[in-house]
Number of protein chains: 2
Amino acid sequence: MNKKGLVFVLSGPSGSGKGTVLEEVLKTEKLYLSVSATSRRPREGEKDGVNYYFYTPERFSEIAAGGGFLEYTTTYGNFYGTPRQPILDAVERGENIMLEIDSVGAVNVKAEYPDAILIFLVTPNVAELKRRLIGRGTEDPEQLKTRIDCYIDEIKAGLKYDYLVINDDVKRCAADVIAIIRAEQLKIKNNIGFINNFKGDNIC
Amino acid sequence: MNKKGLVFVLSGPSGSGKGTVLEEVLKTEKLYLSVSATSRRPREGEKDGVNYYFYTPERFSEIAAGGGFLEYTTTYGNFYGTPRQPILDAVERGENIMLEIDSVGAVNVKAEYPDAILIFLVTPNVAELKRRLIGRGTEDPEQLKTRIDCYIDEIKAGLKYDYLVINDDVKRCAADVIAIIRAEQLKIKNNIGFINNFKGDNIC
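Residues numbered from 1 in each chain as written. Chains lettered and ligands numbered in written order. Predicted model: local features only at pLDDT ≥ 70, side-chain atom pairs only at ≥ 80, totals over all residues. Heavy atoms only, no water.

**Q** Describe the overall build of chain A, with residues and values.
**A** On a plain count of helices and strands, chain A comes out with 9 helices and 9 strands. The long-range fraction of contacts in chain A, counting pairs at least 24 apart against all pairs at least 6 apart in sequence, stands at 65%. Accessible surface for chain A amounts to roughly 10600 Å². Of this, 51% is attributable to carbon and sulfur atoms. Positive and negative charge centroids in chain A, built from 27 and 29 side chains respectively, lie 3 Å apart. (Helix = DSSP H or I, 4+ residues; strand = E, 2+ residues; numbered from the N terminus. Contact = heavy atoms within 4.5 Å. Areas by Shrake-Rupley, 256 points an atom, 1.4 Å probe, with all protein chains shown as cover. Lys, Arg positive; Asp, Glu negative; His and termini not counted. Charge placed at Lys NZ, Arg CZ, Asp CG, Glu CD.)

**Q** Give me the packing of helix H7 (residues 170-186) of chain A against helix H7 (residues 170-186) of chain B: which residues, what numbers.
**A** Running from N to C, H7 of chain A and H7 of chain B cross one another at 105°; their axes reach a closest spacing of 8 Å. Relative to H7 of chain B, H7 of chain A is oriented roughly perpendicular. Residues Arg172, Asp176, Ala179, Ile180, Arg182, Ala183 and Leu186 of chain A of H7 of chain A lie in contact with H7 of chain B, whose contacting residues are Arg172, Asp176, Ala179, Ile180, Arg182, Ala183 and Leu186 of chain B. (Axes fitted to C-alpha atoms, helices over the stretch in contact; angles between N-to-C directions. Parallel < 35°, antiparallel > 145°, perpendicular 65-115°, else oblique.)

**Q** Give a detailed account of helix H3 (residues 84-93) of chain B, specifying residues and quantitative values.
**A** Residue and element names in this part refer to chain B. Those residues of H3 lying buried are Arg84, Ile87, Ala90 and Val91. For H3, the arc enclosing every buried residue in end-on projection is 135°, short of the 170-degree limit, so these residues lie on one face. Residues of H3 that are buried make contact with strand E1 (7-11), strand E2 (32-33), strand E5 (69-75), strand E6 (78-83), strand E7 (97-100) and helix H4 (103-112). Immediately beyond the C-terminal end of H3, within one or two residues, lies Gly94, with a positive phi of roughly 85°. (Buried < 20%, exposed > 50% of the residue type's maximum accessible area, 1.4 Å probe, protein only. Arc of directions from axis to C-beta.)

**Q** Could you give me a rundown of unusual backbone geometry, with the residues and numbers involved?
**A** Note on backbone geometry: most residues besides glycine have negative phi, and most peptide bonds are trans. All names here are of chain A. One non-glycine residue, Tyr76, adopts positive backbone phi at about 45°. In this fold, Tyr76 is placed in the loop between strand E5 (69-75) and strand E6 (78-83). Exposure remark for Tyr76: the relative accessible area of 81% places this residue in the exposed category.

**Q** Now, about the sheet that holds strand E3 (residues 37-38) of chain B: what can you tell me, with residues and values included?
**A** All names here are of chain B. Strands sit in the order E4-E3-E6-E5 across an open sheet of 4 strands; the sheet is mixed. Each end of this open sheet is capped by a strand with a single partner; those strands are strand E4 (53-54) and E5. In the sheet, E3 pairs with E4 via 2 bridges, with the strands oriented parallel. The residue of E4 that forms the bridge with Ala37 is Tyr53. Its contacts with the sheet put H3 on E5 and E6, and the angle it makes with E6 is roughly 20°. (Pairing = 2+ DSSP bridges.)

So this is what it looks like as C-alpha cells:
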C-alpha cells in the first residue's frame with residue numbers, strides 16, 4: 001500500500017516572498033504544484049492547463065457550485081480557484097503537494113481539507129518589507145503605504161496556520177520549509193502502517 | 001521575553017540505536033541533556049551529577065513521592081528517574097532539551113509534560129535489529145531471541161509518539177531528528193509572540 005501524499009500550503013501576506021522561497025525549495029524537493037483555475041482571459045503567451053485552467057465566469061461558477069474547488073476567491077472581478085480533483089489524485093499517488101496561495105485561500109483549504117499543513121511566510125519586520133517593495137519599484141508612496149497597512153493586518157491570519165517561517169534569507173527559509181516537509185512525513189499518523197505491519201513484514 | 005525551550009524525547013526499543021543517533025545529532029545541534037537519577041551504586045569512574053545523580057533508595061523514593069521526577073522506573077531492583085526541576089529551568093532559559101529514555105519513560109514524560117515531543121526510533125526491520133545485536137556480540141542465541149521478541153512487542157508503543165524515525169543510516173536518521181527539532185520550533189504555537197508583536201516592534 002502506497003503512503004498517501006501530504007498537502008502543504010505556502011502562504012503569507014503579499015510581499016513576504018512566497019514565490020522566491022518556493023523556487024528555492026523546488027531545487028531539492030519533488031513537489032506536485034497545483035495549477036490554479038481562473039475566469040480572467042489568458043494573457044499573451046499563457047497556456048491553458050499550464051499557467052492556469054481558463055474558464056468562462058459561468059463555467060467557473062458551475063464548477064464552484066459543484067464543489068470542484070478546494071478554495072476560490074474573486075479579485076478585481078475575476079475568479080481564482082484551486083481545483084480539487086488533481087490534488088486528491090496526487091495525494092492518492094503518494095505525491096506531496098504544494099499550494100502557493102493567499103492567506104484567505106489557505107484558511108479555506110484547511111476548512112475543506114483539515115490534513116493540509118499551512119506554512120505562513122513573513123518578513124522579519126516592516127522595515128524589510130518596505131526595503132523589498134521599494135526594491136521592486138512598482139509602487140508609488142501612496143500604494144506603498146496601503147501595501148504595508150494591509151500586510152500588518154494580514155499578519156494576524158498567521159495564528160490560524162501550523163507553522164511560521166521568517167523570511168530573512170531565502171536559502172535559510174527554504175531549508176525551514178524543507179524541514180517542515182520532512183518532519184510532517186515523519187509524523188506517527190503518517191506511519192501507522194509501518195508500526196502495525198512491523199512483525200508481519202519482517203521475518204527474521 | 002525569551003522564547004521557551006522545547007522538550008524532546010528520543011526513545012525506542014532497546015537496540016534501535018538511540019545513543020548513536022543522539023551522538024550524531026549533537027555534532028550540530030545545541031541541546032540540553034538531562035542527567036538521570038538512580039538508586040544504584042556508582043560504578044568505577046562514574047561521577048555524581050555527571051553520569052547520574054546518585055541517591056540512596058530511601059532518598060530516591062522521597063524525591064519521587066514529592067513529584068521530583070518527570071518519570072521514574074525500576075530496573076533489576078534499582079530506581080532510575082528524570083529529575084523535573086533542571087528540565088523546567090532549561091525550558092525557562094529557552095534551551096531545547098533532549099531526553100534519551102525507554103518507551104515507558106517517554107509515555108510517562110508526555111503524561112506529566114504534554115508539550116514534550118516524542119520521537120520513536122526503530123530499525124527498518126527485524127533483520128537489521130538482529131544484525132546489529134549479533135554485531136555487538138553481547139547476547140547468546142537465547143537472549144537474542146528474547147531481545148527480538150521484546151523489540152517487536154515494544155514497537156506498538158510507537159503509536160503513542162509524535163514522530164517515527166527509521167534508523168537505516170545514522171547520518172540520515174540524525175538529519176530527520178534535526179528536521180523535527182527545527183519544525184517544532186517553527187510551529188505557530190511557539191511563535192505567537194512574534195505575530196502579536198509584529199506591528200509594535202517594527203516601526204517603519
